[in-house]
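The lines below spell out each chain.
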Amino acid sequence: MKYIEEFRRHDLAQQLAQAIHDEADSSRQYNLMEFCGGHTHAIFRYGVQDLMPANERFVHGPGCPVCVLPVKRIDEAISLLHEHDVILCTYGDLLRVPASKRKSLMKVKAEGADVRMVYSTQDALRIARDNPDRQVVFFAIGFETTTPPTAVAIRQAQAEGLENFSVFCNHVLTPAAIQNILESPEVRDIGAVSIDGFFGPSHVSSIIGSRPYEFFAEEFQRPVVIAGFEPLDVMQSALMLVRQLNEGRHEVENEYTRVVSRDGNLKAQRLVGEVLELRRSFEWRGLGEVPYSALKIKQPYADFDAERRFPIPVVSSSEVKGCECPRILRGVKKPTDCKLFGTVCTPENPMGSCMVSSEGACAAYWSYGRFRAPEQQPDQPPTQRQEAVA
Ligand code: SF4
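We now turn to the structure provided with this report. (Residues numbered from 1 in each chain as written. Predicted model: local features only at pLDDT ≥ 70, side-chain atom pairs only at ≥ 80, totals over all residues. Heavy atoms only, no water.)

## Focus on the packing of helix α9 (residues 147–160) against helix α15 (residues 266–275)
Axes are the key here: two packed helices are described by the angle between their axes and the distance separating the axes.
Alright, step 1. The geometry of α9 relative to α15 is characterised by a closest axis approach of 9 Å and an angle of 55° between their N-to-C directions. Of the possible angle classes, the one that applies to α9 and α15 is oblique. Viewed along their axes, α9 and α15 form a crossing whose handedness is left-handed. Contact residues: T147, P148, A151, V152, I154 and R155 in α9; A268, L271, V272, E274 and V275 in α15. (Axes fitted to C-alpha atoms, helices over the stretch in contact; angles between N-to-C directions. Helix = DSSP H or I, 4+ residues; strand = E, 2+ residues; numbered from the N terminus. Parallel < 35°, antiparallel > 145°, perpendicular 65-115°, else oblique. Left-handed = near helix turned anticlockwise from the far one by under 90°. Contact = heavy atoms within 4.5 Å.)

## Considering the nonpolar core
Alright, step 1. Counting residues in each nonpolar core, the largest one holds 101 residues, and the members touching the most others are L94, L105 and W284.
Alright, step 2. If you tally residues by element for this core, the top one is helix α14 (residues 231–246), at nine residues.
Alright, step 3. With 27 residues, the next largest nonpolar core counts L271, V275, I297 and F304 among its residues. (Core = buried A, V, L, I, M, F, W, Y, C linked by side-chain atoms within 4.5 Å. Buried < 20%, exposed > 50% of the residue type's maximum accessible area, 1.4 Å probe, protein only.)

## What about the site of the ligand?
Alright, step 1. Taken together, C323, E324, C325, I328, C338, L340, F341, C345, M351, G352, M355 and C362 make up the full set of residues near the ligand.
Alright, step 2. In a pocket analysis with a 2 Å cut-off to the grid points, the ligand is assigned to the largest cavity. (Near = heavy atom within 4 Å. 1 Å grid on protein atoms, 1.4 Å probe; cavity = no way out; pocket = protein on both sides within 12 Å on 5 of 7 lines; lining within 4 Å. Sits in = over half its atoms within 2 Å of the grid points.)

## Some thoughts on helix α2 (residues 37–45)
Alright, step 1. Within α2, eight of the nine residues are buried, which leaves it mostly tucked inside the rest of the structure.
Alright, step 2. For α2, the complete set of buried residues consists of G37, G38, H39, T40, H41, A42, I43 and F44.
Alright, step 3. Where α2 terminates, the next one or two residues include G47, which has phi positive at roughly 65°.

## A word on empty space enclosed by the protein
Alright, step 1. Per the stated rule, a full pass over the model turns up two cavities of 30 Å³ or more.
Alright, step 2. Of the volumes computed, that of the largest cavity is approximately 90 Å³.
Alright, step 3. In terms of lining, the largest cavity is formed by 13 residues, of which the most central are C323, E324, C338, C345 and C362.
Alright, step 4. The set of elements that each furnish at least two residues to the lining of the largest cavity consists of α17 (325–329) and α18 (353–356). (Points joined across faces, edges and corners; volume = space filled by probe spheres on them.)

## Quick look at the pattern of salt bridges
Alright, step 1. On inspection of all chains with the given rule, the structure shows 24 salt bridges.
Alright, step 2. We note a salt bridge from E111 to K103, for which the minimum N-O separation is 2.8 Å.
Alright, step 3. The closest approach of N and O atoms between R327 and E324, which form a salt bridge, is 2.9 Å.
Alright, step 4. Residue class for E324 comes out buried when judged on its relative accessible area of 14%.
Alright, step 5. The network of salt bridges with common partners includes K72, R73, E76, R279 and E307. (Salt bridge = Lys/Arg side-chain N within 4 Å of Asp/Glu carboxyl O.)

## Brief notes about the sheet that holds strand β5 (residues 136–142)
Alright, step 1. One open sheet holds the four strands; their spatial order is β4-β3-β5-β6, and the pairing between them is parallel. The open sheet terminates on both sides in strands that have one partner only, identified here as β4 (115–117) and β6 (165–171). For this sheet, the mean angle separating the axes of adjacent strands, direction not counted, is 25°.
Alright, step 2. Helix α5 (residues 71–84) rests against β3 (87–90), β4, β5 and β6 of the sheet, and its axis sits at about 170° to β6.
Alright, step 3. Of the strands in this sheet, β3, β4, β5 and β6 touch helix α8 (residues 121–130), which is tilted by about 170° from β5. (Pairing = 2+ DSSP bridges.)

## Looking at the side chain of H250
Alright, step 1. By secondary structure assignment, the location of H250 is in the loop between α14 and β9 (252–254).
Alright, step 2. A distance of 3.4 Å separates a polar side-chain atom of H250 from the backbone oxygen of A217.
Alright, step 3. Each residue touching H250, except ones within four places of it in the same chain, is listed here: A217, E218, Q221, R222, P223 and Q244. (Polar contact = N/O pair within 3.5 Å; in protein donor to acceptor, adjacent residues only side chain to side chain.)

## Some points on the sheet that holds strand β7 (residues 197–200)
Alright, step 1. Read across the sheet, five strands follow the order β2-β1-β7-β8-β9 without closing on themselves; strand pairing throughout is parallel. Single-partner strands in this sheet number two, and they are β2 (56–63) and β9. On average, adjacent strands in this sheet sit at an angle of 25° to one another, irrespective of strand direction.
Alright, step 2. Here three bridges tie strand β8 (residues 224–226) to β9, and the two strands are oriented parallel to one another. Note on β9: the bridge partner recorded for I226 is N254.
Alright, step 3. This element, helix α10 (residues 174–183), spans β1 (30–36), β2 and β7 of the sheet and lies at about 145° to β1.
Alright, step 4. Its contacts with the sheet place α14 against β1, β2, β7, β8 and β9, and it is angled at close to 155° to β8.

## Observations regarding the environment of A363
Alright, step 1. Of note, A363 is situated in helix α19 (residues 361–367).
Alright, step 2. C-alpha separation for the pair A363 and G37, spaced 326 residues apart in sequence, amounts to 9.6 Å.
Alright, step 3. Not counting chain neighbours up to four residues away, the residues in contact with A363 comprise H41, C354, M355 and S357.

## Quick word on the pairing of β6
Alright, step 1. Taking burial as the measure, the seven residues of β6 include seven buried ones, the bulk of the element.
Alright, step 2. What you see with β6 is no split at all: F165, V167, C169 and H171 on one side and S166, F168 and N170 on the other are buried throughout.
Alright, step 3. Assessed by its sense of winding, the connection that carries the chain from β5 through α9 to β6 is right-handed. (Right-handed = clockwise from strand over helix to strand, strands pointing away.)

## Side note on α10
Alright, step 1. Of all 10 residues that make up α10, eight are buried, and the element is covered over most of its length.
Alright, step 2. Among the residues of α10, those classed as buried are T174, P175, A176, A177, I178, N180, I181 and L182.

## Overview of the pairing of strand β12 (residues 288–291)
Alright, step 1. As paired strands, strand β11 (residues 281–284) and β12 are joined by four bridges and run antiparallel to one another. Bridging from a neighbouring strand, F282 pairs with V290 of β12.
Alright, step 2. Connecting β11 to the antiparallel partner β12 that follows it, the hairpin turn spans three residues, and G286 within it adopts a positive phi of roughly 90°.

Following this line, the structure appears as structure tokens:
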């Protein structure tokens, strides 16, 4: 397979669906959690759930780094803007995530704060070079996939002596979060969430490899299949998970072999290890404090750490009332369980990170039309939409 269309072939999807139906044991349930929002979107965009047997259920997990970033960190970024008059650079999704007091980075930008959307860390470095009289802070966010560019930027800033550049580091790590979910009372004690197996992250695993998941597959006796983001990837991985569960196995298997190896990208890992190190603890939206689940900047690069360069006041933060994001991120609720879904909260007017992020579960439920009224369907041209309303 060389081209993207081949991973979306209808005939192959039907064959895979048949194989899953044939092999799924009708006397049991298969609750399969996709950790990544990319998988959630593939499931909804291509209607993968409709091809599954009734006893196979997708459980949506933490999704994406924007979704799991706690409100507090956005409030802190806003206070950096207000207290220290910095130029704050970050990726687009983050701009619209609601912060406390009905603020967001987009809103404070509209009020005059200097917030700039960037496409890469190199854009942020360029802004710092172009504005030598201003402090430029890069709001770094992402799972393991985006840590190498942040490490490169910090090294580059040090090599250039770029004294007005620093990084507000919010990089988080996936294996610790999966372990935290499996250890949560909702999974372990109450049984509110049943998780029989995991679709392992794809892009993340291209950096860290599949090896880090081996510990908890063994410890918690849950199979993991590293899955690509195309619909046939998801279906093939579902079949692999069903087979493992039928055979009583709990191993790490790799469906995404065209990108992921067991050891990952060693060069990128070395680079990240030179610049970043584990935080003792970090707060995740929905999961709370998770030990050793995030990265901070190492001492030799401390001059480029915004948290050391600027005193950041302790702020008291709050979620939007009624937003169920924290429970959705733990797999306890679905977007449609939220009273605000599609009424008060839409991608145009998001109340929580899961509706803002292009990988969020609420955005996935909404974007492909499945849970909208006919007049809200995305594919209808305006004239048809008007007729439907009439
Ligand atoms: S629909 Fe909106 S308010 Fe409800 S959980 Fe999702 S993001 Fe939060």
